[in-house]
4 protein chains.
Amino acid sequence: MAGSTFGKVLTMTTWGESHGAGIGVVVDGCPAGLSISEEYIQEMLDRRKPGGRDFATPRAEADRVKILSGVFEGKTTGTPISMMIENTSQHSGDYGNLATTYRPGHADYCFDAKYGLRDYRGGGRSSGRETAGRVAAGAIAARLLEEFGIRVMAYVSAVGPVACDPAHFNEEEIRRNPLCMPDADAAEKAAAYLKTLMEEQDSSGSEVTCIVTGVPAGLGEPVFDKLDARLGQAIFSIGAVKAVEIGDGKAVVESRGSTNNDSFIMKDGKVSKKTNHAGGILGGISDGTDILIRASFKPTPSIFREQETVSADGEEVKLSIRGRHDPVIGPRASVVVEAMTAFTIADLLLINRTCKL
Amino acid sequence: MAGSTFGKVLTMTTWGESHGAGIGVVVDGCPAGLSISEEYIQEMLDRRKPGGRDFATPRAEADRVKILSGVFEGKTTGTPISMMIENTSQHSGDYGNLATTYRPGHADYCFDAKYGLRDYRGGGRSSGRETAGRVAAGAIAARLLEEFGIRVMAYVSAVGPVACDPAHFNEEEIRRNPLCMPDADAAEKAAAYLKTLMEEQDSSGSEVTCIVTGVPAGLGEPVFDKLDARLGQAIFSIGAVKAVEIGDGKAVVESRGSTNNDSFIMKDGKVSKKTNHAGGILGGISDGTDILIRASFKPTPSIFREQETVSADGEEVKLSIRGRHDPVIGPRASVVVEAMTAFTIADLLLINRTCKL
Amino acid sequence: MAGSTFGKVLTMTTWGESHGAGIGVVVDGCPAGLSISEEYIQEMLDRRKPGGRDFATPRAEADRVKILSGVFEGKTTGTPISMMIENTSQHSGDYGNLATTYRPGHADYCFDAKYGLRDYRGGGRSSGRETAGRVAAGAIAARLLEEFGIRVMAYVSAVGPVACDPAHFNEEEIRRNPLCMPDADAAEKAAAYLKTLMEEQDSSGSEVTCIVTGVPAGLGEPVFDKLDARLGQAIFSIGAVKAVEIGDGKAVVESRGSTNNDSFIMKDGKVSKKTNHAGGILGGISDGTDILIRASFKPTPSIFREQETVSADGEEVKLSIRGRHDPVIGPRASVVVEAMTAFTIADLLLINRTCKL
Amino acid sequence: MAGSTFGKVLTMTTWGESHGAGIGVVVDGCPAGLSISEEYIQEMLDRRKPGGRDFATPRAEADRVKILSGVFEGKTTGTPISMMIENTSQHSGDYGNLATTYRPGHADYCFDAKYGLRDYRGGGRSSGRETAGRVAAGAIAARLLEEFGIRVMAYVSAVGPVACDPAHFNEEEIRRNPLCMPDADAAEKAAAYLKTLMEEQDSSGSEVTCIVTGVPAGLGEPVFDKLDARLGQAIFSIGAVKAVEIGDGKAVVESRGSTNNDSFIMKDGKVSKKTNHAGGILGGISDGTDILIRASFKPTPSIFREQETVSADGEEVKLSIRGRHDPVIGPRASVVVEAMTAFTIADLLLINRTCKL
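Residues numbered from 1 in each chain as written. Chains lettered and ligands numbered in written order. Predicted model: local features only at pLDDT ≥ 70, side-chain atom pairs only at ≥ 80, totals over all residues. Heavy atoms only, no water.

Novice: Is there a simple way to think about the overall build of chain A in this case?
Specialist: In terms of helices and strands, chain A carries 7 helices and 18 strands. Its C-alpha atoms give chain A a radius of gyration of 21 Å, within 12% of the compact-globule value 21 Å for 357 residues. Taking the principal axes of the C-alpha coordinates as reference, chain A spans close to 65 × 50 × 35 Å. Out of the 357 residues in chain A, the part that is buried amounts to 68%. (Helix = DSSP H or I, 4+ residues; strand = E, 2+ residues; numbered from the N terminus. Rg over C-alpha atoms; globule rule 2.2 N^0.38 Å. Buried < 20%, exposed > 50% of the residue type's maximum accessible area, 1.4 Å probe, protein only.)

Set out below in structure tokens:
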């Protein structure tokens, strides 16, 4: 079934494999009259791009996005916006032995079990490269949110055991260090940790935090399209995510009602909250305070260390993965979290226009 | 917008408020020929029902489900199955003062901000009572999954700081103690903990674990309808959930690839895995091993302790909540987790029939 | 798959069989703050009700609609509106022989071929009775459209060879004669025609015309959700419809561009058209003039005359249908056309709120 | 809202304007393992292509389709199939004066009213060129249907007053004459008729008939996703269609039940029908006989004769259209009818896999 479309009023449909002609996305339902340019989208894409940072794969793709439709004289027309990024750096020989061997931690076996065949080149459809289309779509959503004073920001809050210290939070630091951490000190320690792991032919898990500011109260639909439910789908749809948290997240288990409840207060004549354990969402609807999301990413499954696995023929074999692989997923994935969050909020913002007479 | 429908091929549409005529659900897309009875559904509903257990609210509703359509001579006909549970125990005076005061931790303010009005009686649409419809729908899904050897089981794995010991896991214990914990010892300690909290007019967070066995490899669609993405939406759509984890969940942040990767092995002539850190899902598609899900529930926001809040008029006021409220959400919510998980898996099982020529 | 839900932002999900517990509908996505009452809905339902008119089946059901949720103190709350009409007049013995014989012109055989079983009592899900839920939903849509000055009116424009004369159009006549024709003279002739057919144990085809006034320019989405495409689905989803026309309809085949094009003119300072061959829709989007729809209904397939058919066992048999059957479908179906049209327009009206920045 | 996606399990999302970078479509949900090639798709596209025939516009586009994803080693992989056709023949100056003038019979005014701006070059999104993407998607659906012995064939059955004689039906003739008529004699008369109209700077309406053979009984979902309802949306979504008929269509109005009912008979041990007034669909579900569809196309609205209209400024003006325009829409649209029909049937065929246990 069609599982490549996300959103209800604002939708994105992504397509493309790692080693095909390209990667793309069709954004439908974007309101007419929004100023947008390839440069704006490219800027967000560049933050996802491999090759530019110490801990990202050295694949040097240009990754230039082209807008193919839906924008006329610099403004959206209300019709579908098709965007494409050509694949320019496929090394067709790179992954050849993977046709018949199932990589641990990857979807190779699952694809074969599901479809009876798979495009094994570079992970095919389940390659991280698929997310380039999402980021292009997310850039449009972010542009739309800007018009309403809503801003989405994601960063790496932990790499393995090295977590950022909230007291050292410095937003500008995020784009300054290769690990996208807002705490220079933590970034340095995390870099050292990763170097050790790389020497051991291993990889690390990581955590991405996402904050949305400026969201008005009222976004999200009761019951199944709750803001957190839609964000849950959005973030879990990013490969390698194994946990999603809103507000205090997992810590609520050990908390008490008297602590966890955020008292409502009046602030500048508006309803606000004294604390934000809820992460800006109550009963699935935004409450006007910051939305707080955390995503836990598993360690990169492609490690150079020899691993045990099985072949498509049902033989137990040893596998050594070659090629280009980041030792940690969070830094490049943080912009994907940002994109998926922006898209989800933008969709619910438009939907919210229909809720009252 | 219509946010009351869940699922794609198999759908449920829930309706109803806490204090209206009743609560119900329409299940559409259930295959024809499935044996189902009101008794089967009632049994699952009874596990969610308040009144039967020490730590659940003493509201004594009959909560009898009626099948109104879609079943003929004991079998589903392929047409929509409408089910209804009448509300029989509304005390209309109970919640009167809540018309004008926003309860901390509840959606009252958000509903007003969104819709400009709300049915304040008993929490209206955001009442936990809405989940009765989901459980009825989930029972049908569970019945369908039985035909394919798939079984969903949820239980409370932690109440506040008291966690079950996996070494003491005893499935039969789940339905034996009022906290639905599979570890009699933990259940006893948790009960003592809750009693203390209740004396302090407070409430506790909790964790629900859900295990799905018998799932064939291949369920879930790449990209946005990944099995974990759909489960993410399903579980986060349950009120009070603040974190969802798959497999090792949040622990992957501190893990390494060499540890986290599950080696594929051959077992009884089939592809299997040596470990299951992934929780049965790789690249969003089931890998044939057990699906493992954990949900963190915040403490019940309705506590009897006086709280600070604001009124609809924008006055800062004190609020004392009365009425009937569980001191912990997990025990009753565990069956909702089971229902939502069963429904999600059943939907993807049907969708999977269309993936190959 | 779930085919019982219609609409995108405003949805209805119908359920129920002719001889089950009842018939119902859940309307989701209706904006909050709309005044609505059971009486308003009942009035529209009464126009569909059998038993009140000479040419409708004498089944005397009360057909009382109950609103079960989503309305609080006379206003919609934005949450799903569940409505139910109990079945009170089932004669379980009426249709017994139809369990094993396929009625010509009915879906009996198709249901068996599709599902392997069917609820044969009274046509089950394919009974005209299913449309009661649609009319209840349509009444809410009509109420919503009133707020925006949009009005939907349907009537019978032809019964067999007897067509209304546009020159004799009298709106008040529609609810005065049992055939819902706006031309008293035509209604009389049609009645005589039907009496003759009934004596011959036969039935007649009919045509329903629907006019929507007050529609602003801009409704309908380019490409697949064109206003006429959505109306096409809506009207063809009514049983027995074999043709749907917009504006000049089938007559355009023999027309010329110079005749068929409607010249734009200025009228009262607004863009208007000199003629309306297009039926108010250009390129799938409303142009601000009246929407004109025509639906052709086949003759009632249940005729008392003996017919040739086959049994479920594959035997060729003779069939004599008994029971209660209208000799013409249009009069009762006209209100269903009105309901489906109103619902479609209301959905697109809400969707249109999201098209511009 | 997103109105550029069609289908439920098998979906297509089209994008592109007449004068942008290109036109494209993403087909999602196509089962894995289907053999498909660019050549197969190109062949269907070539039948839609302008320039090759006497009565089609002389715009000589290469219209070469490229498959960008979802096909690996000649077979579909189950992931989205992205296809693109570059625009190579835009004459940017052609349509300049249309920026400020509303062409009668076109959607120019409606787009402005809806979006507040429009891409006026070549009709933008409402250009017939958008249908190229549909045809590419339809070719994949047709390929899929072949695997199940289902075949879709459309042709022009009338041009203005010149209708084909069913007695002269010759399938091979369809691709032999420029008007795609299966009756050589009618084609000749229609050609003469069109020549006269062209001399008069006018255009003609036309009718397209579509026949689907080999459809098993059981396709289509009761109620809103009836086979005819889905076909109704599909065909009405093609620009310029003003009427859609199934089986006897509009003629049923004057028919009687005793004539219109098709008697079931046994044929070669299978249930069949003596006649096919129903056009292969009963109660919205296929009955195993041929599906018969007819679509009425309005005359080409772009005529060279001077017309009255208004400008975007609200001035009444005269308009003379220049450029390239077919004098009749049916011949090129017939392949679009074929594509939309094939796609609809393929979607319902896949959906039908989920209807029984």
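So, next bit.
Novice: Which parts of the structure should I look at to understand the relation of the copies chain B and chain A?
Specialist: One copy of the chain maps onto the other through a rotation about an axis plus a displacement along that axis. For the pair chain B and chain A, the superposition axis carries a translation of 0.0 Å, the fit reaches an RMSD of 0.0 Å, and the rotation angle comes to 180 degrees. Here the symmetry operator amounts to a two-fold rotation axis. Mapped onto chain A, 100% of the interface residues of chain B again fall at the interface, so both copies present the same surface. (Least-squares fit on C-alpha atoms with pLDDT ≥ 70 in both. Contact = heavy atoms within 4.5 Å.)

Novice: Explanation requested: the pattern of salt bridges in the structure shown.
Specialist: Pairs can form between side chains of opposite charge once their charged atoms are near each other. One pass over the structure, following the stated rule, counts 114 salt bridges over all chains. Of the charged contacts in the structure, one is a salt bridge between B:Arg176 and B:Glu172, with a shortest N-O distance of 3.4 Å. Both residues of the pair, B:Arg176 and B:Glu172, belong to the exposed class. Here D:Glu130 ties to D:Arg134 by a salt bridge, and the two come within 3.0 Å at their closest N and O atoms. D:Arg134 shares its class with D:Glu130; the two are buried. Among the charged side chains, a network of salt bridges with common partners joins A:Arg103, A:Asp108, A:Asp112 and A:Arg118. (Salt bridge = Lys/Arg side-chain N within 4 Å of Asp/Glu carboxyl O.)

Novice: How should the sheet that holds strand S1 (residues 5-6) of chain C be read in this particular structure?
Specialist: Judged by pairing direction, the sheet is antiparallel, and its 5 strands sit side by side in the order S1-S2-S3-S7-S4 (chain C) without closing on themselves. Looking at the sheet topology across the chains shown, the edges are occupied by S1 and strand S4 (65-67) of chain C. (Pairing = 2+ DSSP bridges.)

Novice: I would appreciate a short explanation of the interface of chain B and chain A in the present structure.
Specialist: Where interface size is given, it is often the accessible area lost as the parts come together that is meant. Each side of the interface is counted separately: chain B has 109 residues, and chain A has 109 residues. Counting each side, the surface lost to burial between chain B and chain A is near 8,700 Å², with a carbon and sulfur contribution of 59%. Together, B:Met1, B:Lys114 and B:Phe224 form the three largest contributors to the area buried by chain B at its contact with chain A, with a combined 11%. Between chain B and chain A we count 11 salt bridges in total. For B:Glu221, the salt bridge identified is with A:Lys114, shortest N-O distance 2.8 Å. Looking at chain direction, strand S11 (residues 241-246) of chain A and strand S11 (residues 241-246) of chain B are connected through 3 bridges and run antiparallel. Paired with A:Glu245 across the bridge in S11(B) is B:Ala243. (Buried area = accessible area lost by both parts, 1.4 Å probe.)

Novice: Got a minute to help me understand the packing of aromatic side chains in this structure?
Specialist: To describe a pair of aromatic rings, one takes the distance between the centres and the angle between the planes. Applying the stated criterion to the full structure yields 32 aromatic pairs over all chains. Geometrically, the ring pair formed by A:Tyr109 and B:Phe264 is edge-to-face, given 5.8 Å between the ring centres and 65 degrees between the ring planes. A residue pair is termed interchain when its members come from two chains, as with A:Tyr109 in helix H2 (residues 108-115) and B:Phe264 in strand S12 (residues 264-267). For the pair shown, A:Tyr109 and B:Phe264 are each scored as buried. Members of the aromatic cluster, connected to one another through ring pairs, are A:Phe6, A:Phe343 and B:Phe224. A cation sits over an aromatic face here: B:Arg143 above B:Tyr40, 5.9 Å from the ring centre. (Phe/Tyr/Trp six-rings, centres within 6.5 Å; stacked < 30°, edge-to-face > 60°. Lys NZ or Arg CZ within 6 Å of the ring centre and 35° of its normal.)

Novice: How should I be thinking about the interface of chain C and chain D in this particular structure?
Specialist: Taken together, the contacts link 109 residues of chain C with 109 residues of chain D. Together chain C and chain D conceal approximately 8,700 Å² of surface at their shared face, both sides included; 59% is due to carbon and sulfur atoms. Taken as a group, C:Met1, C:Lys114 and C:Phe224 account for 11% of the area that chain C buries against chain D, more than any other trio of residues on that side. For the pair chain C and chain D, the number of links is 11 salt bridges. The salt bridge partner of C:Glu207 is D:Lys250, with a shortest N-O separation of 3.1 Å. Along the contact surface separating chain C from chain D lie 51 residue pairs in polar contact (both at pLDDT 80 or more). Split into classes, the residues belonging to the side of chain C that touches chain D amount to 46 nonpolar, 35 polar and 28 charged. (Polar contact = N/O pair within 3.5 Å; in protein donor to acceptor, adjacent residues only side chain to side chain. Nonpolar A, V, L, I, M, F, W, Y, C, P; charged D, E, K, R; others polar.)

Novice: Is there a simple way to explain the relation of the copies chain C and chain D in this structure?
Specialist: Overlaying chain C on chain D yields an RMSD of 0.0 Å, the required transformation being a rotation through 180 degrees with an accompanying axial translation of 0.0 Å. Both copies contact each other with a shared surface, as 100% of the interface residues of chain C are interface residues in chain D too.

Novice: Looking at this model, I keep getting lost on empty space enclosed by the protein. Mind explaining?
Specialist: The computed volume of the largest cavity comes to approximately 1,400 Å³. Every residue lining the largest cavity is counted, 40 residues in all, and those nearest its centre are A:Lys8, B:Lys8, C:Gly7, C:Lys8 and D:Lys8. Sorting the residues of the lining of the largest cavity by element identifies strand S1 (5-6) and helix H5 (227-236) of chain A, strand S1 (5-6) and helix H5 (227-236) of chain B, S1 and helix H5 (227-236) of chain C together with strand S1 (5-6) and helix H5 (227-236) of chain D as the ones contributing at least two each. Across the lining of the largest cavity, the residue classes tally to 12 nonpolar, 16 polar and 12 charged. (1 Å grid on protein atoms, 1.4 Å probe; cavity = no way out; pocket = protein on both sides within 12 Å on 5 of 7 lines; lining within 4 Å. Points joined across faces, edges and corners; volume = space filled by probe spheres on them.)

Novice: What is the right way to read the sheet that holds S11(B) from this model?
Specialist: Hydrogen bonds between backbone groups are what pair the strands of a sheet, and the pairing can be parallel or antiparallel. Spatially, 10 strands are ordered S9(A)-S8(A)-S10(A)-S16(A)-S11(A)-S11(B)-S16(B)-S10(B)-S8(B)-S9(B) in an open sheet, and the strand pairing comes out antiparallel. Two strands lie at the open edges of the sheet, namely strand S9 (162-163) of chain A together with strand S9 (162-163) of chain B, each paired on one side alone. Where strand S8 (residues 151-159) of chain A meets strand S10 (residues 206-213) of chain A, 8 bridges bridge the pair, whose relative direction is antiparallel. When the sheet's bridge partners are listed, A:Ala154 is paired in S10(A) with A:Cys210.

Novice: How do you make sense of the packing of helix H3 (residues 131-147) of chain C against helix H7 (residues 330-351) of chain C when you look at a structure like this?
Specialist: If you want to describe how two helices pack, look at the angle between their axes and the distance between the axes. Residue and element names in this part refer to chain C. Remark: H3 packs on H7, axes separated minimally by 7 Å, with the N-to-C direction vectors making an angle of 50 degrees. When the interaxial angle is binned, H3 and H7 end up oblique. In terms of crossing hand, the pair formed by H3 and H7 is left-handed. Listed contacts from H7 to Thr131, Arg134, Val135, Ala137, Gly138, Ala141, Ala142, Leu144 and Leu145 of H3 are Val335, Val336, Ala339, Met340, Ala342, Phe343, Ile345, Ala346, Leu349 and Leu350. Looking at the contact of H3 with H7, its residues break down into 16 nonpolar, 2 polar and 1 charged. (Axes fitted to C-alpha atoms, helices over the stretch in contact; angles between N-to-C directions. Parallel < 35°, antiparallel > 145°, perpendicular 65-115°, else oblique. Left-handed = near helix turned anticlockwise from the far one by under 90°.)

Novice: So what exactly am I meant to see when it comes to the packing of helix H1 (residues 38-48) of chain A against helix H7 (residues 330-351) of chain A here?
Specialist: All names here are of chain A. H7 packs onto H1 with a crossing angle of 140 degrees between their chain directions and a minimal axis gap of 7 Å. As far as their axial angle goes, H7 and H1 are oblique. Where H1 approaches H7, its residues Met44, Arg47 and Arg48 are matched on the opposing element by Arg332, Val335, Val336, Glu338 and Ala339. For the contact of H1 with H7, a count of residues per class yields 4 nonpolar, no polar and 4 charged.

Novice: I'm lost on the state of the cysteines in this one. Help?
Specialist: Two cysteines whose sulfur atoms are joined by a covalent bond form what is called a disulfide. Applying the stated rule across the entire model yields 0 disulfides over all chains. Note on B:Cys30: no disulfide assigned, nearest cysteine sulfur contributed by D:Cys355 at a separation of 11 Å. B:Cys30 gets classed as buried once you look at its relative accessible area, which sits at 2%. (Disulfide = S-S within 2.5 Å.)

Novice: Explanation requested: the nonpolar core in the structure shown.
Specialist: Here is a general trend for soluble globular proteins: nonpolar side chains tend to be buried in one another's company. Of all hydrophobic cores here, the largest spans 356 residues; its most connected members are A:Val27, B:Val27, C:Val27 and D:Val27. The residues contacting A:Val27, other than those within four sequence positions of it, are A:Leu10, A:Thr11, A:Met12, A:Thr79, A:Pro80, A:Ile81, A:Met83, A:Ala137, A:Ile140 and A:Phe343. (Core = buried A, V, L, I, M, F, W, Y, C linked by side-chain atoms within 4.5 Å.)

Novice: Explanation requested: unusual backbone geometry in the structure shown.
Specialist: For residues other than glycine, phi is negative in most cases, and the peptide bonds are mostly trans. A positive phi angle is found at A:Gln201, which is not glycine, with a value near 55 degrees. By the secondary structure assignment, A:Gln201 is in the loop between helix H4 (184-199) and S10. Overall, A:Gln201 belongs to the partly exposed group, its relative accessible area being 39%. Even without being glycine, D:Asp268 reaches a positive phi, approximately 55 degrees. Position of D:Asp268 relative to the elements: it lies in the loop between strand S12 (264-267) and strand S13 (270-273). Looking at D:Asp268, the relative accessible area reads 76%, which means it is exposed.

Novice: Even after reading the chapter, I still don't get the side chain of D:Thr14, so can you show me in this structure?
Specialist: Summarising the element assignment, D:Thr14 is placed in strand S2 (residues 11-16). Take D:Thr14: its relative accessible area is 0%, and that puts it in the buried class. At 2.8 Å, the side chain of D:Thr14 and the side chain of D:Arg125 are in polar contact. Discounting residues that sit within four places of it in the chain, D:Thr14 has contacts with A:Pro80, C:Val223, C:Phe224, D:Ser4, D:Gly24, D:Val25, D:Arg125, D:Glu130, D:Gly133 and D:Arg134.

Novice: It is not clear to me how helix H3 (residues 131-146) of chain A should be interpreted in this structure. Could you clarify?
Specialist: The terminal C-alpha atoms of H3(A), which comprises 16 residues, lie 22 Å apart, in line with the 22 Å expected from a rise of 1.5 Å per residue. The element H3(A) is extensively covered by neighbouring structure, given that 15 of its 16 residues are classed as buried. (Expected span 1.5 Å × (residues − 1).)

Novice: How do you make sense of the environment of C:Asn276 when you look at a structure like this?
Specialist: Residues and elements named next belong to chain C. With respect to the secondary-structure elements, Asn276 resides in the loop between strand S13 (270-273) and strand S14 (281-282). Here the alpha-carbon distance between Asn276 and Ile291, two residues 15 residues apart in the chain, equals 9.0 Å. Once residues lying within four places of it in the same chain are set aside, the contact partners of Asn276 are Asp262, Thr289, Asp290 and Leu292. Polar side-chain contacts of Asn276 include one of 3.0 Å to the backbone nitrogen of Gly279.

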